[in-house]
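# Observations on the three-dimensional arrangement
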Amino acid sequence: SRLLMPAQLLAQVRTELLHLACSEPCGLRGALLDLCVEHGKACHDVGHIAVDPAVVPTFQLTLVLRLDSSLWPKIQGLFTSGPAFTPLKLSTGFRVIKKKLYSSEQLLIEEC
């Protein structure tokens with residue numbers, strides 16, 4: 001399925017990712033980014049990105065996007081039986097989980 005992203009979501013995600021990367025030695029270039037879409041209690045993996053493959057990653061960011069809950073009853077069956085081209089609308093809410101790869105620090109979870 002295709003995902004439709006609200007216009008303001010991209011700016012919100014960009015701001016949050018840059019904020020979480022500002023304390024890292026290579027900034028956002030040192031990140032591994034995992035992208036997931038959450039619906040209900042399940043989280044579906046969409047993809048993985050090494051922001052700069054030439055830089056050894058120092059931290060991992062997991063971006064968890066949410067489906068627009070007002071549409072959930074209408075699209076509930078799409079994950080199992082719907083056509084692959086039916087677009088799904090994302091909510092403006094998201095969560096970012098930051099994990100340092102070479103540190104014993106605890107996870108940092110930012111809810112937006």
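Everything in this summary refers to the structure shown in the same document. The model shown is predicted, which means the values in this text are computed figures rather than measured ones.

## Quick word on the packing of aromatic side chains
- Applying the stated criterion to the full structure yields zero aromatic pairs.
- Between Lys 98 and the ring centre of Phe 59, over which it is positioned, the NZ or CZ distance is 5.3 Å.

## Regarding the pairing of strand β5 (residues 88-100)
- Bridge analysis of strand β1 (residues 3-4) against β5 gives two bridges, and the strand direction is parallel. Residue pairing in the sheet places Leu 3 in a bridge with Leu 88 of β5.
- Of the strand pairs in this sheet, strand β4 (residues 59-67) and β5 are connected by eight bridges, and their pairing is antiparallel. Considered in β5, the bridge of Leu 65 is made with Phe 94.

## Things to note about the environment of Val 46
- By the element assignment, Val 46 lies in strand β3 (residues 42-50).
- Residue class for Val 46 comes out partly exposed when judged on its relative accessible area of 47%.
- Taking the C-alpha atoms as reference points, Val 46 and Asp 34, 12 residues apart in sequence, are found 7.8 Å from one another.
- Apart from the residues lying within four places of it in its own chain, the contact partners of Val 46 are Leu 35, Cys 36 and Val 37.

## Details of the pattern of salt bridges
- Using the criterion set out here, one finds six salt bridges in the structure.
- Across the salt bridge formed by Arg 66 and Glu 38, the nearest N and O atoms sit 3.3 Å from each other. Of the two residues, Arg 66 is situated in strand β4 and Glu 38 in strand β2 (residues 31-39); the sequence distance between them amounts to 28 residues. Accessibility classification places Arg 66 together with Glu 38 in one group, the buried group.
- Linking Arg 95 and Glu 38 is a salt bridge whose minimum nitrogen-to-oxygen distance equals 3.2 Å. With a gap of 57 residues between them, Arg 95 in strand β5 and Glu 38 in strand β2 connect regions that are remote in the sequence.
- Shared partners join several salt bridges into a network, and the residues in it are Glu 24, Lys 98 and Lys 100.

Parameters and conventions
Residues numbered from 1 in each chain as written. Predicted model: local features only at pLDDT ≥ 70, side-chain atom pairs only at ≥ 80, totals over all residues. Heavy atoms only, no water. Phe/Tyr/Trp six-rings, centres within 6.5 Å; stacked < 30°, edge-to-face > 60°. Lys NZ or Arg CZ within 6 Å of the ring centre and 35° of its normal. Pairing = 2+ DSSP bridges. Helix = DSSP H or I, 4+ residues; strand = E, 2+ residues; numbered from the N terminus. Buried < 20%, exposed > 50% of the residue type's maximum accessible area, 1.4 Å probe, protein only. Contact = heavy atoms within 4.5 Å. Salt bridge = Lys/Arg side-chain N within 4 Å of Asp/Glu carboxyl O.

In short, the description is geometric, and any link to function would need to be established separately.
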